[in-house]
Amino acid sequence: YDKTLFWVLLCLLCFGLVMVYSASAASLSQFDNRHYYLVKQAQYALFGLATALMLMRVPMWRWQRWTKYLLVLTGAAMLAVLFAGTEVNGARRWLSLPLGINFQPSEAVKLMTILYMASFFNRRVDEIADTRKLLFVGVIPIFGAFLVLLTRDLGSAVVVVAIMMALLFLANLPMRRILAALAVAVLAGVLFIVTSEFRMRRIGVMWQPWKDPTGAGYQGLGSLLSMNNGGLFGTGLGNAIFKRGFLPEAHTDFILAVIGEELGLITVAVVVAVYLWLVWRAFSIGKQARDVQLYFNSYVAVGIGVWVAVQSFINIGVNISLLPNKGLTLPLVSYGGSSLITMTVAFMLLLRVDYETRQVLQGFSVCDPKLSLKQPENQQGNHDESER
């Protein structure tokens, strides 16, 4: 497996633990226990790593088999959260589980969108050339995005749609159809924005948060002032001022602002470069898997790369007041159990894809033993035609 990728991910996770502790130690809501968020995040990280290590031994063809069952479970969880979810800050996005765990099903929707579309394209290679049939693959992701929108999580819905569009492009859907689908998605997003008063307020102060410094622009203004205070080299770890009551959600949505104030804009640039490298590595792993005809693996790797790219871009854009606040975490860095565990599993899948590609290059078979016996002789030709 790619040891460089593994250690970069582990270092990013440890860096996130340090910054979560620094951003939350002065939190007024948990002033009686400065280690509260650090302990919780460390528990999520350990659980995510343990889960990833166990699932690392599961071959990708089993994930393809399990996709339909995981899809049903994810759909049931999304429906359950609409009726029995826990409401936090006016949004009903979490399910209360035993042991005091709050799970956000929208994070699982992102991963299931990748697995479902990868499984569809791999099983129905002969339908890729038929664009009318190919459009049906978007029905389930669109339905999932709609359920996410009902939880008032526009940011996660945007990520789901972006993953869907990228995988449709990878499946050689004609550009005019991709642009048409993108236009419909943009119009739907605009409709959800203009029909929501609080979203319109955020749009109004998106680039000028000082217009409403005590209202919709409060978080954006606090983030900009925090980064400005840090300069190029920062004020030192733990020395940020704005996290002490002036920057809401400093350990979640706006953790990058704390990084900028304490460690400087140079460190922020390094963090951005790390995410760019992760996205490039995911795309490279996807291309290598496609070259050895592991098409399901290829779609999964590219989907994970798109997920990381879009979610990182939105979070960074919110912190520099380029985009309105969307409530998305910075992958592996921000506080949040559902996001951290789901993203850890996603990166485990990326490592597994890379591992299986290396196995094929060494002459080993990683295909489903049942499907390989039933595979039509002309399926390979269809794959080759699709690539051309």
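Caption draft 1: Fine view of the confidence of the model for the protein. In this model, the protein carries a mean pLDDT of 84, and residues with pLDDT of at least 70 account for 89%. Model confidence for the protein, summarised as mean pLDDT per element, is weakest for helix α15 (residues 379-387) at 44 and strongest for helix α11 (residues 255-291) at 94. Predicted confidence is poor over residues 375-388, with pLDDT under 50, and the contacts of this stretch with residues over four places away or in other chains come to 15 contacts.

Caption draft 2: Quick look at a nonpolar patch on the surface. Together, F169, M175, L179, L182, V186, V190, L191, V194 and M200 line one region of the surface with nonpolar side chains, adding up to about 820 Å² of accessible area. With seven residues, the top contributor of residues to the nonpolar patch is helix α8 (residues 175-194). In this fold, L182 is placed in helix α8.

Caption draft 3: Layout of empty space enclosed by the protein. As enumerated under the stated definition, the model contains one cavity of 30 Å³ or more in all. Considered class by class, the residues forming the lining of the largest cavity number three nonpolar, three polar and two charged.

Caption draft 4: Fine view of the pattern of salt bridges. The full count for this structure, using the stated rule, is seven salt bridges. Note that R281 is salt-bridged to D2, the shortest N-O span being 2.5 Å. Taken together, the positions of R281 in helix α11 and D2 in the segment before α1 (3-24) put the pair 279 residues apart, joining distant regions of the chain. The salt bridge involving K243 is made with E262; its shortest N-O contact spans 2.7 Å. Residue K243 is found in the loop between α10 (218-230) and α11, and its partner E262 is found in helix α11; the two are separated by 19 residues along the sequence. Within the structure, one salt-bridge network assembled from shared partners comprises D2, R281, D354 and R358.

What counts, and where the lines are drawn
- Residues numbered from 1 in each chain as written.
- Predicted model: local features only at pLDDT ≥ 70, side-chain atom pairs only at ≥ 80, totals over all residues.
- Heavy atoms only, no water.
- pLDDT = per-residue confidence, 0-100.
- Helix = DSSP H or I, 4+ residues; strand = E, 2+ residues; numbered from the N terminus.
- Contact = heavy atoms within 4.5 Å.
- Patch = residues over 30% accessible without salt bridge, like charges linked within 9 Å, V, L, I, M, F, W, Y side chains within 5 Å.
- Areas by Shrake-Rupley, 256 points an atom, 1.4 Å probe, with all protein chains shown as cover.
- Salt bridge = Lys/Arg side-chain N within 4 Å of Asp/Glu carboxyl O.
- 1 Å grid on protein atoms, 1.4 Å probe; cavity = no way out; pocket = protein on both sides within 12 Å on 5 of 7 lines; lining within 4 Å.
- Points joined across faces, edges and corners; volume = space filled by probe spheres on them.
- Nonpolar A, V, L, I, M, F, W, Y, C, P; charged D, E, K, R; others polar.

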